[in-house]
Amino acid sequence: MVRTKLTYEESDTPMDLGVRWKLHGDGRTPAPGAVVRPDERLSWPRTAGLGAQHVVAMFGASFVAPVLMGLDPNLAIMMSGVATVIFLLATRGRVPSYLGCSLSFVGVAAVIRAQGGTSATVTGAVLVVGVALFLVGVAVQKFGARIIHAAMPPIVTGAVVMLIGFNLAPVTASTYWPQDQWTALLVMLFTGLAVVCLRGFWSRIAIFLGLVFGYLLSWVLDRIFGRIHSVDGSGKVTDHWRLDFSAVGQADWIGLPSFHGPSFEWSAILVALPVVIALVAENAGHVKAVGEMTGDSLDDRLGTAISADGIGSVLSTAVGGPPNTTYSENIGVMAATRVYSTAAYWAAACFALLFGVCPKFGAVVAAIPGGVLGGITVILYGMIGLLGAQIWVNAEVDLRNPLNLVPAAAGIIIGVGNVSIEFTDTFSLSGIALGTLVVITGYHALRAFAPPHLKTQTPLLDEGTSSYDEGGENGENGEPGAGGDSVEGPRRAKP
């Protein structure tokens, strides 16, 4: 199959920040089969409309995540706009992407708070993860994606993503679901139907639609049955309204979100660091997917994209916001519209900044009923965990091989069961941190001593990064060589 490559002018200089766009056609509607390239745009009103659509697409996860982490949703939305601007500038407009609040840290935040940590402790730990992600990006820029092969083969990446997601199960079971079990059940069913039955753009915002349904259902149940007798958000059993909008009426229309500085504790940092693995996989998969959609090889932008994500997360957490990551929801918008213009993402970032200075918006988000979150998180947390299984499937990991099976099995059980090891009275490892350590060190240690026949399976990167390092075919350090104009899907790495 011949694939058209979107080429760029030879103006990719340090002064070219990717903020100049050519008008596509008449600026109204792309011709049948045509695509709007990242360096093109439609008319500004249509570009603004597309930007608003990207904001809606990221809304579902991007404002649920800070609520689940106990952070200010207004600040989260504002800093997602800032992070998106940083990402677009760093990649010089070649990688259309929106950076929203990462759900990978929800379990980390829950663990840190369960250990007595504050919001400052959470953001301090995540800030260190952002620094680590930036350094990984720098290393990928210098040495190529083969370092991802070496340190994090798919069996390791998949297991870590899986244990991070499934470690969240007790949060749903003990915190959100008991607040209103019947609302949680109905919201779960509605969201599941929305994910499966809706098509195109609407399926991408199924989580958001589930939240809207939950709001309306809670309001109706309050009008019909009155207050509910159950645990509230603080864990106390009381009579309370499912949907309480009292804080919304008191909130201002215009105002800055609440800022706070980070606090650094080793115990919290060790819990958060394993998420670096999930973030690297997310970014690599995103860059690869965008390259496939546009037909333009973005291999040389992988390290830059990872570093930009790290910088955005560092800036966000430094002022009290959550970390950010590239959003797959917005890939769906691009696939549906065939508009890859980075101008639309600039518009989305501006809309996010405006939402960030509207406290009334934050009050509406904070009013999400616990039962609604219960129904949403049952699906959401499970989907996060099963992304790990998807990495295994895409990479054709053989779980019949004990070299793969043993470290993954042990690490996942430790992570999900929140197993802990106490080293001293003040220092211990448990759950996500210990599970990740077991998977990584266990795999590499067992591989060092394993007999040759167990090492015959060729390691693959996940689908998002499978063709970055083909040194003999594509050149050095993951750079595409002559004839490498198209990206043809996953290929086996050389032993």
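This structure is a prediction, so every number in the text was calculated from the model and none was measured.

**Side note on the overall build of the chain**
In terms of helices and strands, the chain carries 21 helices and eight strands. Working note: accessible area of the chain is about 21,000 Å², and carbon and sulfur atoms make up 65% of it.

**Quick word on a nonpolar patch on the surface**
There is a patch of nonpolar side chains on the surface, built from Trp219, Val220, Ile224 and Phe225 and spanning about 450 Å² of accessible area. With respect to the secondary-structure elements, Trp219 resides in helix α10 (residues 206-225).

**Observations regarding the packing of aromatic side chains**
Summed over the entire model, instances satisfying the criterion amount to two aromatic pairs. Here Trp21 and Trp44 contribute two aromatic rings whose centre-to-centre distance is 6.0 Å and whose plane-to-plane angle is 85°, an arrangement assigned as edge-to-face. Of this pair, Trp21 sits in the segment before β1 (22-23) while Trp44 is found in helix α1 (residues 44-69), placing the two residues 23 residues apart along the sequence. Here the basic side chain of Lys360 rests over the ring of Trp253, its NZ or CZ set 5.1 Å away from the ring centre.

**Focus on helix α16 (residues 342-356)**
Between the first and last C-alpha of α16 there are 21 Å, a value that for 15 residues agrees with the 21 Å anticipated at 1.5 Å per step. For α16, the full list of buried residues reads Thr342, Ala343, Ala344, Tyr345, Ala347, Ala348, Ala349, Ala352 and Gly356. By the N-cap criterion, in which a side-chain oxygen at the helix start approaches the backbone nitrogen of a residue two or three places on, α16 is capped by Ser341, the distance to Ala343 being 3.1 Å.

**Examining the pattern of salt bridges**
Applying the stated criterion across every chain yields a total of six salt bridges. Salt-bridge contacts for Glu40 lead to Arg37; the nearest nitrogen and oxygen are separated by 3.9 Å. Among the residues examined, Glu40 registers a relative accessible area of 13% and is labelled buried. Take Arg37: its relative accessible area is 16%, and that puts it in the buried class. Measuring nitrogen to oxygen at the nearest pair gives 2.9 Å for the salt bridge that ties Arg400 to Asp398. Connected via shared salt-bridge partners are Lys22, Arg37, Asp39 and Glu40.

**Details of helix α19 (residues 402-417)**
Along an α-helix, a turn takes 3.6 residues, which lines up residues three or four apart on a common side. Counted at 1.5 Å a residue, the expected span for α19 with its 16 residues is 22 Å, and the 22 Å between its end C-alpha atoms agrees. Here α19 has its buried residues at Leu403, Asn404, Pro407, Ala408, Gly411, Ile412, Ile414 and Gly415. Down the axis of α19, the sector holding all buried residues measures 165°, keeping them to one side. Exposed residues lying more than 90 degrees from the buried face of α19 are Ile413 and Gly417. With a side-chain oxygen positioned 2.9 Å from the backbone nitrogen of Leu403, the residue opening α19 is Asn401. Immediately downstream of α19, the backbone of Asn418 shows phi near 60°, a positive value.

**Overview of the nonpolar core**
Core analysis: the largest hydrophobic core is formed by 96 residues, its most contacted members being Met69, Tyr381 and Trp392. Considering each element in turn, this core owes the most residues, 10 residues, to helix α13 (residues 275-294). Sequence-distant contacts of Met69, defined by excluding residues within four places in its chain, comprise Cys101, Ser102, Phe105, Val106, Ala109, Arg113, Val122, Pro322 and Pro323. Val36, Leu42, Leu50 and Ala344 belong to the second-largest nonpolar core, a separate cluster that totals five residues.

What counts and how
Residues numbered from 1 in each chain as written. Predicted model: local features only at pLDDT ≥ 70, side-chain atom pairs only at ≥ 80, totals over all residues. Heavy atoms only, no water. Helix = DSSP H or I, 4+ residues; strand = E, 2+ residues; numbered from the N terminus. Areas by Shrake-Rupley, 256 points an atom, 1.4 Å probe, with all protein chains shown as cover. Patch = residues over 30% accessible without salt bridge, like charges linked within 9 Å, V, L, I, M, F, W, Y side chains within 5 Å. Salt bridge = Lys/Arg side-chain N within 4 Å of Asp/Glu carboxyl O. Phe/Tyr/Trp six-rings, centres within 6.5 Å; stacked < 30°, edge-to-face > 60°. Lys NZ or Arg CZ within 6 Å of the ring centre and 35° of its normal. Expected span 1.5 Å × (residues − 1). Buried < 20%, exposed > 50% of the residue type's maximum accessible area, 1.4 Å probe, protein only. Polar contact = N/O pair within 3.5 Å; in protein donor to acceptor, adjacent residues only side chain to side chain. Arc of directions from axis to C-beta. Core = buried A, V, L, I, M, F, W, Y, C linked by side-chain atoms within 4.5 Å. Contact = heavy atoms within 4.5 Å.

All we've got here are geometric facts, nothing functional implied.
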